Every structure is written in C-alpha cells, then in structure tokens.
Amino acid sequence: MEKKYKIITYGCQMNVHESEKIAGILRRMGYEETATEDTADIIVFNTCCIRENAENHAFGNIGALKKLKRNNPNLIIAVGGCMTQEKGKTEILKQKFPFIDIMFGTLNLEELEELIKEKQAGKKRVVRIRETEGEIVEFDGAYRTSYPNAWVNIMYGCNNFCSYCIVPYVRGRERSRKPEHIVAEVKKLVAEGYKEITLLGQNVNSYGTDGLGVSFAELLDAVASIEGKFRLRFMTSHPKDFNEEIVKVMQKHRKIMRLVHLPVQSGSNEVLKNMNRRYTREKYLAEIEMLRSYFPEAEVTTDIIVGFPGETEEDYLLTEDLVKRVNYASAFTFVYSKRQGTKAAAMENQIPEEVQKDRIMRLVALVNSLTRQKSEAYLGKTVEILCEDYDEKKGLYLGRDEFGRMGYFKSEQNEIGNFVDLKITEANGISLYGEKV
Ligand code: 5AD
Ligand code: SF4
C-alpha cells in the first residue's frame, strides 16, 4: 500500500511554492497525497511567522494532532517553514509538542528526505535547522498544484530589515538564482502548458544586486522573450527600488501583466521612516504616476499595516488619503503585529488594540469601496480571463483578467487553463460575472 502525505501550509506564495517542493520530495520517496490528516503517514507543517495569528494558528493545529499520534505511533509529524527558523522557537515547539518527529528550516528544505530517512532508521527526533543561508541549491522536482499558474523563485531572502518585519531574520540575506536557471525553468513550464508565470522574491527589484551583474529589468526582459502564450507577473516589488527600466520592459512585452504589487505599508512619512522603508509618500506617488504615464490603465495592489507604534490619527488619515490617490485595485490590510527580535517590538507608543481595530475596519471599508467602484466600471466590457478553477458551490468557472480581477462564468466544457473572452454582465462587490463570447 502506498504511503500517504498531507502538507499544511501557512502564509505567503513563497510558502505555497515551498510546499510544492516538499510535495516533490515526498512523491520522489514514494508517498502519495491524501486529503485528511487521519489517513496520512506523514504530516508536514509549513509554517509562517510573519504575524502572531499565523503562529497561533499553527500552534493550534499541531497541538490538535496529539491524539492522532497517540493512536498511530508510526505517523511522522514534521514541522518546517519560517517558525522553526525563528530564534528560540524550536525549543518552545519541542517543549509544547514532544510528539513532533522532525524539524527543519526554510534554509535546508532540500534536506527533508535525509531527515525522514533518519527518523525511519529509528532516531527518536530529528532536528536540523541551518542558521545561515548557504549557496542556492537548484531544485527542479516541485510538484505543482496551482495550474495554470506556476511560481518561480528568482531570489531568496531579504536585506531590508523593515523595522516591523521578521522575514530577514528567518530567511537570511538576499541570494539571486542565476538567470540561465530561471529562464530554463520558465521555458520548461511554458512547454508543459503553464499559462501564467509568477516570478517570486521578497524584493524582486533588487534581483542580481548580490553580485550577479544582471538587473531585475534584464531578467524580466529575458523571461518575457520566451516564446508562447503566457502571462508574466512578479512579486513583490519594493518602492525604494521600483524603477522606469522595469516599466520600459513591461511596455516592450504585452505578456507582462499590467498589474504591479507595490506594498506601501503607510501613507505617512513619519511612519515610513520609523518602519525603515527608505522612501517617502512623495516618491511612492511619483512612481505610480510614472507607471501610469506608460499605462494609464495599470492596476496597482498593495500591502498596508495600521497601528504601527506611534501611528497617530493624522498618520492614519494620510494612509487613507494615499489609498484614494493611488486608487488601488485591491489591498492586503494588516494590523501591526509585534514580532520578537525586530526593532519595532522595542519601540515605545505601541498602539492599543481598540485603536488598531477601529483603523483596520475603516481602511477595509475604504479599500472595498474602491474595488466596488472599479467593478461597476467593468459592466458591459469584454475582458480576457485566464480560467484557473471551477467553483463547485456556484457551478461556475473562474479566472482573472490581466489586471488580476476575478470573473466567473458558465461553461459546458472544462475551461481550466484556457484564455476565455468574457462579456461582463454583473458586478457584485469584488466579483464579476460574465458570459463567454
Ligand atoms: N505586522 C503586520 N503586518 C506585517 N507584515 C510584515 N510584517 C508584519 C507585522 N509585523 C505585512 C507587510 C508585508 C506583508 C507580507 O505582511 O505588509 O508587506
Ligand atoms: Fe519584510 Fe521589508 Fe523584507 Fe518585505 S522588504 S520581507 S516587509 S523586511
């Protein structure tokens, strides 16, 4: 009988793709995927530590396995991802959950096979977490689960040390993959039929600045020059490095989506300074203006944190003002979460929870109202959607246009992976509904 695996993923696209790599390793070892934990022979938690609630979530779910493990002592429980890379966290995990069999980090994911074998050979618990980043290990065995989209890492790590952020502590310094490896991977993916390629990095704009001698704009140009019909996007850009060279490459290639994810975090210069973001609201707005001077229709999405230490009501209102000026297509909005070991955790003037809650509610309402207005402007238009899934509940296919907007439609045939022209007939909040034309 085949052995079965279940992977539980928390956090961002980076983690989603790393889970695809973990799945690749497990399949190579002869495991097959299963939908439920109680039918698994190995359960892997790919954790996230960017905000406290992501950690609490993982703690809760790992804890819930105690009984399962008691009933099935052969079950292997492995914990990896950002949490295990956090200083002192493995000790806490060990104490809280003595039944964890394997712990590994983001910096040694490719060692998982070895660790599983050590466990199977009879070791009680295998804990191996690299402290510092090493050379990039090329890995082409990911088991992809997001067709027609494929995630492609272009770099790992982050050098920015935004004062609230734990990522640089758990993912090490920036390392860029060689352009020839990236181009070869994308070529292969396009040949296999993937229709949307997303280049991934914590700060893609600083690609190559670690001594490769190739800029992000040059890499983007090379990837967009690959033949075949596919869409190309990239995330995440950092406003301190986003530039006109990149936009010029976008102009050269119709394949590159007219959608930029450009996290602003705050609209107040004072807060931006304390966050160590190294740009001002004026510079950010000038970049948006530059982008839209090339593509007036370009859409921008963003990340925003409210309730950062010292954020006053005036600061918050500057964020609202910036949100209106940019007119975002959508935004991921977060309440500031204190992360041990970061600069901001030691700052005075932490903001009370009720103030944070009030601000996030107001901000979400504002962002939703912008999205709704944009939806209405779609009515009667025809857009090209890349179909990515089927919604069982609605009985409709869904996909996104090149601005990232979701549209639903009916079809008698399997449309996943097809480019479909949709005439938009209904706009309901953030969702669009249309008919195939
Ligand atoms: N608290 C709240 N949000 C955070 N982010 C990063 N660190 C924190 C934190 N400590 C948000 C930022 C980032 C996104 C991925 O997560 O907005 O862009
Ligand atoms: Fe965190 Fe800033 Fe790096 Fe993004 S750029 S991962 S927010 S430190």
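Residues numbered from 1 in each chain as written. Chains lettered and ligands numbered in written order. Predicted model: local features only at pLDDT ≥ 70, side-chain atom pairs only at ≥ 80, totals over all residues. Heavy atoms only, no water.

A. The site of ligand 1, seen in detail. For ligand 1, the full set of nearby residues is Ile50, Arg51, Tyr164, Gln265, Asp303, Ile305, Phe334, Val335, Tyr336, Ser337 and Arg339. Contact between ligand 1 and Asp303: an oxygen atom at 2.6 Å from a side-chain N or O atom of the residue. Its residues assigned to classes, the shell around ligand 1 comprises six nonpolar, two polar and three charged. (Near = heavy atom within 4 Å. Polar contact = N/O pair within 3.5 Å; in protein donor to acceptor, adjacent residues only side chain to side chain. Nonpolar A, V, L, I, M, F, W, Y, C, P; charged D, E, K, R; others polar.)

B. Structural detail: the side chain of Thr371. You can see Thr371 is positioned in helix 14 (residues 353-378). In this structure Thr371 comes out as buried when scored by relative accessible area, which is 3%. Leave out the neighbours within four places in its chain, and Thr371 touches Ala329, Ser330, Arg405, Gly429 and Ile430. (Helix = DSSP H or I, 4+ residues; strand = E, 2+ residues; numbered from the N terminus. Buried < 20%, exposed > 50% of the residue type's maximum accessible area, 1.4 Å probe, protein only. Contact = heavy atoms within 4.5 Å.)

C. Focus on the packing of helix 2 (residues 52-63) against helix 5 (residues 89-96). Interhelical geometry of helix 2 versus helix 5 gives an angle of 30 degrees and a closest axis separation of 11 Å. It follows that helix 2 is roughly parallel to helix 5 by the angle criterion. In terms of crossing hand, the pair formed by helix 2 and helix 5 is right-handed. On the side of helix 2, the interface is formed by Glu55, Phe59 and Ile62, while helix 5 contributes Lys89, Ile92, Leu93 and Lys96. Residue composition of the contact of helix 2 with helix 5, by class: four nonpolar, no polar and three charged. (Axes fitted to C-alpha atoms, helices over the stretch in contact; angles between N-to-C directions. Parallel < 35°, antiparallel > 145°, perpendicular 65-115°, else oblique. Left-handed = near helix turned anticlockwise from the far one by under 90°.)

D. Region of interest: helix 8 (residues 179-192). The terminal C-alpha atoms of helix 8, which comprises 14 residues, lie 20 Å apart, in line with the 20 Å expected from a rise of 1.5 Å per residue. Every buried residue of helix 8 is accounted for by Pro179, Ile182, Val183, Glu185, Val186, Leu189 and Val190. Along the axis of helix 8, the buried positions cluster into a sector of 160 degrees, meaning they face one direction only. Its buried side turned inward, helix 8 meets strand 7 (149-153), strand 10 (196-200) and helix 9 (216-224). (Expected span 1.5 Å × (residues − 1). Arc of directions from axis to C-beta.)

E. Quick look at the domain arrangement of the protein chain. You can read the domains of the protein chain as domain 1 (3-128), domain 2 (149-376) and domain 3 (382-436). The gap between the C-alpha centroids of domain 1 and domain 2 is 29 Å. Residue-level contacts link 18 residues of domain 1 with 17 residues of domain 2. The contact between domain 1 and domain 2 buries some 1,600 Å² in all, and 57% of this surface belongs to carbon and sulfur atoms. (Domains from an automatic or database assignment. Buried area = accessible area lost by both parts, 1.4 Å probe.)

F. Structural detail: the environment of Glu402. As for its placement among the helices and strands, Glu402 is situated in the loop between strand 16 (396-400) and strand 17 (406-409). Placed 103 residues apart in sequence, Glu402 and Glu299 show a C-alpha to C-alpha distance of 9.3 Å.

G. A look at the pattern of salt bridges. On inspection of all chains with the given rule, the structure shows 35 salt bridges. A salt bridge links Arg177 to Glu138, with the shortest nitrogen-to-oxygen separation between them at 2.7 Å. Here Arg177 is found in the loop between strand 9 (175-176) and helix 8, whereas its partner Glu138 is found in the loop between strand 6 (126-128) and strand 7, with 39 residues between them in sequence. Of the charged contacts, one joins Arg254 and Glu402 as a salt bridge, the two residues approaching to 2.9 Å between their closest N and O atoms. Residue Arg254 is found in the loop between helix 10 (244-252) and strand 12 (259-261), and its partner Glu402 is found in the loop between strand 16 and strand 17; the two are separated by 148 residues along the sequence. According to the relative accessible area criterion, Arg254 is exposed, its value standing at 51%. (Salt bridge = Lys/Arg side-chain N within 4 Å of Asp/Glu carboxyl O.)

H. Expanded view of the sheet that holds strand 13 (residues 299-306). Read across the sheet, three strands follow the order 12-13-14 without closing on themselves; strand pairing throughout is parallel. Both edges of this open sheet fall to strand 12 and strand 14 (330-335), since each of them pairs with a single strand only. For this sheet the average axis-to-axis angle between neighbouring strands, irrespective of direction, equals 15 degrees. Of the strand pairs in this sheet, strand 13 and strand 14 are connected by six bridges, and their pairing is parallel. Residue Val306 lies in a different strand from strand 14, and its bridge partner there is Val335. (Pairing = 2+ DSSP bridges.)

I. Up close: the site of ligand 2. Near ligand 2 you find Cys158, Asn160, Phe161, Cys162, Tyr164, Cys165, Val167, Pro168, Gln202, His238 and Arg277, and these make up its full shell. Each residue belonging to the shell around ligand 2 can be placed in one class, and the counts come to seven nonpolar, three polar and one charged.

J. Region of interest: the packing of helix 1 (residues 13-28) against helix 6 (residues 112-120). Running from amino to carboxyl end, helix 1 crosses helix 6 at an angle of 50 degrees, the nearest separation of the two axes being 10 Å. Taken together, the axis directions place helix 1 and helix 6 in an arrangement best described as oblique. Every pair of crossing elements has a handedness; the one defined by helix 1 and helix 6 is right-handed. For the pair helix 1 and helix 6, contact is made by Ile22, Ile25, Leu26 and Arg28 and by Leu112, Glu113 and Ile116, respectively. When grouped by side-chain class, the residues that make up the contact of helix 1 with helix 6 number five nonpolar, no polar and two charged.

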